[in-house]
Amino acid sequence: MKKSVFANLAVLLFAALFIVTSCDDDDDSAPPTITLSEELIEAKAGEEISVNVTVVAEAGLNKVVVTTLHDGTAFGTPDEFTTLTFTYTHTVSEEDVDPILSIQFTAIDNDGQEVSKDLVVDVELTVTQLLLKYDWLLSEEIRELTNENDISDVYTDDIYRFYEDGSYDKSIGAKVDDFSDLWYNHCYWNFNEADSMLILSRTGAFLEDVRDTIMITTIDHEELRGDVVYYGLDAFNTGSETVPYEPVENYEKVFYATARSGDFDPYQNGAEDDAGPAGTCNDVTWDK
């Protein structure tokens, strides 16, 4: 009889242990999940982006850690949120342009389980920001009539530098032409985003006011291309041209983006001519 009682108790204890173990297994919560309203956003430097974040956490949410990454490496101070849904905003800066910018959202539940999801931001600079970021080396002038590079060699070392105050300089380099380089001050610039029109003003030694217009077609971290119109080139015909110049000609200017360096030298080599041949710049008023 005693053996039967002990046997029954053993069975009950085993059953109870099995039930407790099974309950413990049932209490294991699923890891959290995180959903982003966007996983790829295109933006320009200076723009504010936003993404809606939704977290599901069976074990309860501890926090969501938001980390900005440059080329996969944490950048700046992470942000933390403790709500299951929120909107995250980030103002894209010029520091975000060169590296690959991503924003990582990591949800951590009360059991210590975590899951991450990344938002990738494809950042581009505006035309104005690109103009200011680089020096621009004139490399080609492609004539529309012949589709050939028609640039004079004397201009192939000209470098343009634009400043935030609306002024610009040209470094003439070692090769100097017979007139323009010795006559004009390079003065002010204006860019119309709506028309992609870049206007450069020059002031001559007799205070002549000249405006050069470039209709920018493409610009990036490598080159700038823009359409220009030249007038009066037919005056330079010698009779030996295969395709004589016409009174009005269309060209495409090509500039290479180069790193801004401390040895940039306005006008000709040396500091003595940095005020320019005209020594002054006429005031300009740009159309709105």
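Our subject is the structure listed above.
Residues numbered from 1 in each chain as written. Predicted model: local features only at pLDDT ≥ 70, side-chain atom pairs only at ≥ 80, totals over all residues. Heavy atoms only, no water.

### As for the overall build of the protein chain
Part 1: Scanning the protein chain from terminus to terminus reveals 2 helices and 17 strands.
Part 2: With respect to the principal axes defined by its C-alpha atoms, the protein chain has extents near 130 × 40 × 35 Å.
Part 3: Within the span of the protein chain, comprising 288 residues, buried residues form 36% of the whole.
Part 4: Long-range contacts, defined here as pairs at least 24 residues apart, represent 57% of the contacts in the protein chain between residues at least 6 apart.
Part 5: Of the accessible surface of the protein chain, which amounts to about 16700 Å², a share of 52% is contributed by carbon and sulfur atoms. (Helix = DSSP H or I, 4+ residues; strand = E, 2+ residues; numbered from the N terminus. Buried < 20%, exposed > 50% of the residue type's maximum accessible area, 1.4 Å probe, protein only. Contact = heavy atoms within 4.5 Å. Areas by Shrake-Rupley, 256 points an atom, 1.4 Å probe, with all protein chains shown as cover.)

### Here we look at the pairing of strand E3 (residues 48-56)
Part 1: Only one face of E3 is buried: it carries Ile49, Val51, Val53 and Val55, and the other face, with Glu48, Ser50, Asn52, Thr54 and Val56, is open.
Part 2: Pairing analysis gives 4 bridges linking strand E1 (residues 33-36) to E3, with the strands arranged antiparallel. Residue Ile34 lies in a different strand from E3, and its bridge partner there is Val55.
Part 3: Inspection of the sheet shows E3 paired to strand E6 (residues 85-91) by 7 bridges, in the antiparallel sense. Bridging from a neighbouring strand, Asn52 pairs with Thr87 of E6. (Pairing = 2+ DSSP bridges.)

### Considerations on the sheet that holds E1
Part 1: With respect to topology, 3 strands assemble into an open sheet ordered E1-E3-E6, the strand pairing being antiparallel. Each edge of the open sheet is held by one strand with a lone partner, namely E1 and E6. The mean angle between the axes of side-by-side strands here comes to 25°, regardless of whether they run parallel or antiparallel. (Axes fitted to C-alpha atoms, helices over the stretch in contact; angles between N-to-C directions.)

### Overview of the nonpolar core
Part 1: Core analysis: the largest hydrophobic core is formed by 48 residues, its most contacted members being Phe105, Leu119, Val121, Leu131, Trp136, Phe162 and Leu198.
Part 2: Dropping the residues within four chain positions of it, Leu198 is found in contact with Leu131, Phe162, Trp189, Asn190, Phe191, Asp212, Thr213, Ile214 and Ile216. (Core = buried A, V, L, I, M, F, W, Y, C linked by side-chain atoms within 4.5 Å.)

### Things to note about the packing of aromatic side chains
The description of two aromatic rings rests on the distance between their centres and on the angle between their planes.
Part 1: A complete count under the given rule lists 12 aromatic pairs for this structure.
Part 2: Among the aromatic side chains, those forming a connected cluster through ring pairs are Tyr160, Phe162, Tyr168, Trp189 and Phe255.
Part 3: Directly above the aromatic system of Tyr184 lies the positively charged group of Arg202, at a separation of 4.4 Å from the ring centroid. (Phe/Tyr/Trp six-rings, centres within 6.5 Å; stacked < 30°, edge-to-face > 60°. Lys NZ or Arg CZ within 6 Å of the ring centre and 35° of its normal.)

### A few points about a nonpolar patch on the surface
Part 1: On the surface, a nonpolar cluster with roughly 280 Å² of combined accessible area is contributed by Leu40, Ile100 and Val120.
Part 2: Relative to the helices and strands, Val120 resides in strand E8 (residues 114-124). (Patch = residues over 30% accessible without salt bridge, like charges linked within 9 Å, V, L, I, M, F, W, Y side chains within 5 Å. Salt bridge = Lys/Arg side-chain N within 4 Å of Asp/Glu carboxyl O.)

### Overview of the side chain of Asn282
Part 1: The residue Asn282 is located in the segment after strand E17 (248-259) in this model.
Part 2: You can call Asn282 buried: its relative accessible area is 18%.
Part 3: With sequence-adjacent residues up to four places away left out, Asn282 is seen in contact with Tyr188, Thr203, Leu207, Glu208 and Asp209.

### Concerning the pattern of salt bridges
Side-chain pairs of opposite charge can arise where the charged atoms are in close proximity.
Part 1: Following the criterion strictly, the structure yields 13 salt bridges and no others.
Part 2: Here Asp212 makes a salt bridge to Arg202, at a shortest N to O gap of 2.8 Å. Note that Asp212 is positioned in strand E15 (residues 209-219) and Arg202 in strand E14 (residues 197-203), a separation of 10 residues in sequence.
Part 3: Relative accessible area serves as the criterion here: at 25%, Asp212 is assigned to the partly exposed category.
Part 4: With a relative accessible area of 13%, Arg202 lands in the buried category.
Part 5: One continuous salt-bridge network, built from bridges that share partners, spans Asp158, Lys170 and Asp181.

### Looking at the environment of Val154
Part 1: Looking at where Val154 falls in the secondary structure, it is placed in the loop between strand E10 (148-149) and strand E11 (159-162).
Part 2: Measuring from C-alpha to C-alpha, the distance between Val154 and Phe236 comes to 16 Å, with 82 residues separating the pair along the chain.
Part 3: Ignoring anything within four residues of it in the chain, the contact list for Val154 reads Lys175, Val176 and Asp177.

Function-wise, these values are silent; they only describe arrangement.
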